[in-house]
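# Tertiary structure, described
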Amino acid sequence: MKKFLMLCCATLLAACSSNTSSPQASLEGEVFYLQRMALPPAATFSVELQDVSLMDAPAVTLARQAGPVKGNVPLPFHLDYDPTQIKPGHRYALSARIELNGKLLFINTEHHGVLLDGSDPQPLRIKVDPVR
């Protein structure tokens, strides 16, 4: 039984170490809005890197950061993505939103395209507008 347990642990460790060797790239930036107001303590925000190439299909999310709002705007974000998922000729964009109890408060209304070829300025800045 001990040998079986040790074998299982070794297999699990090998699987974990092989997953961490995949290439990673990242985008960093901040989400902000122009209104002079504080967000409620229970507010959450999310930022997504999406493949927006197909006009008649939903965007494909390649990376996402989501969680509670900590502090005031600007809200920092960091997205790790796998560069092997980037396809030549496709278009990529960032989207951001701020919610409270599942209700949308702010969302970006402008397209925030990224090239993902190392030429994107960092930190990236995403302006979100209030939802009425």
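Residues numbered from 1 in each chain as written. Predicted model: local features only at pLDDT ≥ 70, side-chain atom pairs only at ≥ 80, totals over all residues. Heavy atoms only, no water.

Per an unreviewed UniProt entry, the protein carries the name YbaY family lipoprotein and comes from Pseudomonas maumuensis.

### Notes on the side chain of glutamate 48
With respect to the element layout, glutamate 48 can be found in strand β2 (residues 44-51). A polar atom in the side chain of glutamate 48 sits 2.7 Å from the side chain of glutamine 50. In terms of polar contacts, glutamate 48 uses its side chain to reach the side chain of arginine 64, at 2.8 Å. For glutamate 48, the residues in contact, after removing those within four places along its chain, are Thr61, Ala63, Arg64, Leu79, Ala93, Leu94 and Ser95. (Helix = DSSP H or I, 4+ residues; strand = E, 2+ residues; numbered from the N terminus. Polar contact = N/O pair within 3.5 Å; in protein donor to acceptor, adjacent residues only side chain to side chain. Contact = heavy atoms within 4.5 Å.)

### Describing the nonpolar core
Within the largest apolar cluster, 26 residues are counted, with the highest numbers of intra-cluster contacts made by Val31, Leu49, Phe77, Leu94 and Ile98. Secondary-structure elements contributing two or more residues to this core are β1 (25-32), β2, β3 (60-68), β4 (75-81), β5 (92-100), β6 (103-107) and β8 (124-127). Those residues in contact with leucine 94 that sit more than four places away from it in its chain are Leu27, Glu48, Leu49, Phe77, Leu79, Asn108, His112, Val114, Leu124 and Ile126. (Core = buried A, V, L, I, M, F, W, Y, C linked by side-chain atoms within 4.5 Å. Buried < 20%, exposed > 50% of the residue type's maximum accessible area, 1.4 Å probe, protein only.)

### Focus on the packing of aromatic side chains
In the structure shown here, the tally under the stated rule is 1 aromatic pair. The ring of phenylalanine 32 carries arginine 125 above its face, with NZ or CZ at 4.1 Å from the centroid. (Phe/Tyr/Trp six-rings, centres within 6.5 Å; stacked < 30°, edge-to-face > 60°. Lys NZ or Arg CZ within 6 Å of the ring centre and 35° of its normal.)

### Observations regarding the confidence of the model for the protein
Of all residues in the protein, 84% attain a pLDDT of 70 or more, and the chain-wide mean is 87. Here residues 2-15 is a poorly scored stretch, pLDDT under 50, and it has 0 contacts once near neighbours within four places are set aside; other chains count. (pLDDT = per-residue confidence, 0-100.)

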